[in-house]
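If you want the building blocks of each chain, they are given just below.
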Amino acid sequence: RRPLSIPAVGGLVSTWSAEVTRSRLEKIKGTVDLIWHLGDIGYADDAYDSKPLHFQYESVYNGWINWMQNLTATRPYMVLPGNHEAECHSPACFTKRHKLSNFSAYNARWFMPAESSGGRASMWYSFDYGSVHFVSIDSETDFDGEVGHKDRLNPAGGFGRAGEQMDWLKADLAAAQAQRVAGTGIKFLLVGGHRPIRELSAAHEQMFSKYGVDIYFAGHSHSYSRGSSVNGTNWIVAGGSGCDEMEQAPEPGFKLTGEFATTAVPNVSWWTPGKFLPLGSEDFVSGRYASGVLSVNNSKLRWELLDSELGTVLDQLELESSY
C-alpha cells in the first residue's frame, strides 16, 4: 500500500505509485549489495495536501520508513539530501511546536559515513565499495551558486564553514584519483547528488573533469536522461522511480542520437530539452517509473535502467576502467 494518498490538486497527481519500484527492488534485492537513494525520500513535505490543517509530516515519514524496511533491514541503504528533505510545508510546521527546517528530520533519521570520510552529518560524505569510490554531495546548500533556496521557505545550510563542502569535495576526489592512479584497488569514481549538473556550479563540472569522475548521477527531474560523455564524465539523471508529482509515461522512452535516433520527440510533459543536461548532449530519455542497477568488477562497469513495472531494460551504458 502507498504510504501516502494525495488528491490531484496543486500540480500533484492521484494516479502515482511508488509501489511498482519498491516491488521491483524487492524482486532484485537478493542480487544487489547496496542501494543508493539520490534524495527526495518519502515526500513527507507533501503530506499537508491530504490534510492541510493537520501535522502529518512525521507520521508520513515514519510510514515510509516502515514501508521500506523490507529493503533497509537487509541491505545498506545510502541516502543524500534532496529539496524535499529541507523542511515541512504543513501550516502546522510554521508554529514553534512543529517547526522542521534545515534538513532536521532528515539528519535525525539517517546516519551516513560522514565522520569517517571527513564530511558533514548526512549531507556530504564518501565511501569505498569494491572497486568503486562513491561520493555523495549536498546539491541543496553550502556552495556558491546553489539554487535550492528557491524551493525553500526557511533558511538552510551552514553545515560547515563557508566553502567547506567544495574544499572537501576537491580533496576527496583528488585522494581517490591518486589511489586509482597508484593502482590501490579503486577503478571507478562515481559522484551522486540530487540536482542534475545544470543546477550545480561550474566548479563542480571542472572538478569532475579534472579528477576523472566516470559518472555523475542525479535525481530531481521525475524522469530519466542519459547524456554523452563531456570531458570524460557521463551524465545520468535517474529521478523517475515514482512519486506524487510524477505520472507514468506510456512510451518506453526516446533515443536521441545515433543510428536509431528519434527524429522528432513528441511534446511530452516530463522532458524539456536542455533543462537538466547540456542541450544536445542527451542520448536517451524516458518518463517510465524506473530504477537503475550498477554492476561493477575490477575492469568494467555496467549501468542498466530497469522499467519498474515490466522489468525490461530501457537503457544501458558500459564503461571500461583505464586504470
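Predicted model, so just to flag it, every value in this text is computed and none were measured.

1. A look at the confidence of the model for the protein chain
Per-residue confidence for the protein chain gives a mean pLDDT of 88, with 91% of residues at or over 70. Taken together, the stretch residues 1–14 has pLDDT below 50 and engages in 37 contacts with residues farther than four places along the chain or on a different chain.

2. Points about the nonpolar core
Trp36, Trp110, Leu173, Phe208 and Tyr216 are the most contacted members of the largest nonpolar core, which has 76 residues in total. Ignoring anything within four residues of it in the chain, the contact list for phenylalanine 208 reads Leu169, Leu173, Val191, Ile197, Val213, Tyr216, Thr233 and Trp235. Ala249, Phe254, Leu256 and Val268 belong to the second-largest nonpolar core, a separate cluster that totals 7 residues.

3. Some points on the state of the cysteines
Tallied over the entire structure, the rule returns 1 disulfide. In this model cysteine 88 forms its disulfide with cysteine 93; the gap between the sulfur atoms is 1.8 Å. Where cysteine 88 bonds to cysteine 93 through sulfur, the torsion about that S-S bond is close to 75°, and the disulfide is right-handed.

4. Focus: the pattern of salt bridges
One pass over the structure, following the stated rule, counts 16 salt bridges. Of the charged contacts in the structure, one is a salt bridge between aspartate 315 and arginine 226, with a shortest N-O distance of 2.6 Å. With a gap of 89 residues between them, aspartate 315 in strand β13 (residues 313–320) and arginine 226 in strand β7 (residues 224–230) connect regions that are remote in the sequence. In this structure, aspartate 315 and arginine 226 share a single accessibility class: buried.

5. With respect to the environment of leucine 200
Its place among the elements puts leucine 200 in the loop between β5 (188–192) and α7 (202–210). Overall, leucine 200 belongs to the buried group, its relative accessible area being 10%. A C-alpha to C-alpha distance of 30 Å links leucine 200 and valine 20, two positions 180 residues apart in sequence.

6. Points about the sheet that holds β13
The 3 strands are arranged β11-β12-β13 in an open sheet whose pairing can be described as antiparallel. Taken across any chain shown, the strands that pair with only one partner, and hence form the sheet edges, are β11 (290–296) and β13. Within the sheet, the average angular offset between the axes of one strand and its neighbour, ignoring direction, is 15°. Pairing geometry for β11 and strand β12 (residues 300–307), over 7 bridges, is antiparallel. Note on β12: the bridge partner recorded for valine 293 is glutamate 304.

7. Considering the environment of alanine 176
With respect to the helices and strands, alanine 176 occurs in helix α6 (residues 164–182). For alanine 176, a relative accessible area of 4% puts it in the buried group. Beyond its immediate stretch of four places on either side in the chain, alanine 176 contacts His133, Ile186 and Leu189.

8. Some remarks on the side chain of glutamate 85
Structurally, glutamate 85 is set in the loop between β2 (77–79) and α4 (104–109). Buried glutamate 85, no salt bridge; nearest opposite-charge side chain is arginine 195, N-O distance 9.8 Å. At 2.7 Å, the side chain of glutamate 85 and the backbone nitrogen of glycine 82 are in polar contact. In this structure, glutamate 85 is in contact with Gly39, Asp40, Ile41, Tyr57, Leu80, Phe103 and Tyr106, ignoring residues within four places of it in sequence.

9. Observations concerning unusual backbone geometry
Residues other than glycine seldom take positive phi values, yet histidine 220 does so here, at roughly 75°. If you trace the backbone, histidine 220 turns up in the loop between β6 (215–218) and β7. Although it is not a glycine, asparagine 231 adopts a positive phi angle of roughly 55°. Looking at the element boundaries, asparagine 231 is found in the loop between β7 and β8 (233–238). Residue asparagine 231 is classed as exposed on the basis of its relative accessible area, which comes to 56%.

10. Brief notes about the sheet that holds β5
Within a beta sheet, neighbouring strands are joined by backbone hydrogen bonds and run either parallel or antiparallel to one another. Judged by pairing direction, the sheet is mixed, and its 8 strands sit side by side in the order β3-β4-β5-β6-β8-β7-β10-β9 without closing on themselves. At either margin of the open sheet sits one strand with a lone partner, and together these are β3 (125–129) and β9 (254–255). Sheet topology note: the β9/strand β10 (residues 282–286) ladder contains 2 bridges and is antiparallel. Residue pairing across strands places phenylalanine 254 opposite valine 285, the latter belonging to β10. Against the sheet, α6 contacts β3, β4 (132–136) and β5, and its axis sits at roughly 175° relative to β4. Of the strands in this sheet, β5, β6, β7 and β8 touch α7, which is tilted by about 125° from β8.

Reading the values: the criteria
- Residues numbered from 1 in each chain as written.
- Predicted model: local features only at pLDDT ≥ 70, side-chain atom pairs only at ≥ 80, totals over all residues.
- Heavy atoms only, no water.
- pLDDT = per-residue confidence, 0-100.
- Contact = heavy atoms within 4.5 Å.
- Core = buried A, V, L, I, M, F, W, Y, C linked by side-chain atoms within 4.5 Å.
- Buried < 20%, exposed > 50% of the residue type's maximum accessible area, 1.4 Å probe, protein only.
- Disulfide = S-S within 2.5 Å.
- Salt bridge = Lys/Arg side-chain N within 4 Å of Asp/Glu carboxyl O.
- Helix = DSSP H or I, 4+ residues; strand = E, 2+ residues; numbered from the N terminus.
- Pairing = 2+ DSSP bridges.
- Axes fitted to C-alpha atoms, helices over the stretch in contact; angles between N-to-C directions.
- Lys, Arg positive; Asp, Glu negative; His and termini not counted.
- Polar contact = N/O pair within 3.5 Å; in protein donor to acceptor, adjacent residues only side chain to side chain.

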